[in-house]
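Descriptive structure summary
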Amino acid sequence: MIIREATADDAGQIAPLINLIFDEMQLDELEDVPDGDLLKVIRAAYQTKDYLSGKATTVVAVINQKIVGVAFGYPDKYEADVDEIMTKLSAHTPGFGDEPLELESETFAGEWYLDSIAVDPDYQGRGIGGQLLAALPRYVKRDGMATIGLNVDFANPGAKKLYQHHQYQVVGTMTIGDHQYYHMQHRLVPERVAMVG
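Residues numbered from 1 in each chain as written. Predicted model: local features only at pLDDT ≥ 70, side-chain atom pairs only at ≥ 80, totals over all residues. Heavy atoms only, no water.

**As for the nonpolar core**
- Formed by 36 residues in total, the largest nonpolar core has its most connected members in F22 and Y46.
- Contributing elements (two or more residues each) for this core: α1 (11-25), α2 (35-45), α3 (49-52), β2 (57-63), β3 (66-75), α4 (79-91), β4 (112-119) and β6 (169-176).
- Membership of the second largest hydrophobic core comes to 23 residues, among which are V68, W112, V119 and L150. (Core = buried A, V, L, I, M, F, W, Y, C linked by side-chain atoms within 4.5 Å. Buried < 20%, exposed > 50% of the residue type's maximum accessible area, 1.4 Å probe, protein only. Helix = DSSP H or I, 4+ residues; strand = E, 2+ residues; numbered from the N terminus.)

The following block contains the structure:
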């Protein structure tokens, strides 16, 4: 398996994985939006520079040229900018009607926020999610951040256990849509500089 930063060419394979998350969130504002239109907006977002390696970073897990997992995150200060991309794209997509997708704030201050992590259902249980999590600190440090934050649904104890295994701790709760979430954070340990003497 290869873990690497995504490119615009990956968007078609990323979109169905991210759509799994939207399905789980059961957002009221997406109830009447045709799946094809939501996928079109997601695909377009993951073709933008800001989503790939600008204000946000998208990392993919690849097996035999197939994207089997994706992680997407950004420093908290860019949340509004990143969310605005989805709002603008959905405003120009017929299935959203007169109500473009307005995403709620999900970040805590001072963190690099792991907005989305998803693994292809056919590849779950193989440690792909854990390997994506293990790869994130490199990108977080590159962005000058020392804390990773994420939200995990109260109804998903398996995911919460995975995050706890990777040193994430519950620091609060929040409501997104109709669901309650634990907000978890992982503080990165500063790298030690070897003393030469």
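From this point, things continue past the structure.
**Structural notes on the layout of surface pockets**
- Reported here for the largest pocket is a volume of approximately 990 Å³.
- In terms of residue count, β4 provides more of the lining of the largest pocket than any other element does, seven residues in total. (1 Å grid on protein atoms, 1.4 Å probe; cavity = no way out; pocket = protein on both sides within 12 Å on 5 of 7 lines; lining within 4 Å. Points joined across faces, edges and corners; volume = space filled by probe spheres on them.)

**What to know about the pairing of β4**
- The element β4 is extensively covered by neighbouring structure, given that six of its eight residues are classed as buried.
- Note that β3 and β4 share seven bridges and pair antiparallel. Note on β4: the bridge partner recorded for V70 is A118.
- As judged from the two bridges shared by β4 and strand β5 (residues 147-153), these two strands associate in the parallel manner. Of the residues in β5, the one forming a bridge with W112 is I148.
- You can see the chain leave β4, run along helix α5 (residues 128-142) and come back into β5, and the turn it takes is right-handed. (Pairing = 2+ DSSP bridges. Right-handed = clockwise from strand over helix to strand, strands pointing away.)

**Looking at the packing of aromatic side chains**
- Tallied over the full model, the rule gives seven aromatic pairs.
- Taking 5.2 Å as the distance between ring centres and 70 degrees as the angle between the ring planes, the aromatic pair formed by Y46 and F72 counts as edge-to-face. Of this pair, Y46 sits in the loop between α2 and α3 while F72 sits in strand β3; the two residues are 26 residues apart in sequence, bridging distant segments of the chain. For the pair Y46 and F72, one class covers both residues: buried. (Phe/Tyr/Trp six-rings, centres within 6.5 Å; stacked < 30°, edge-to-face > 60°.)

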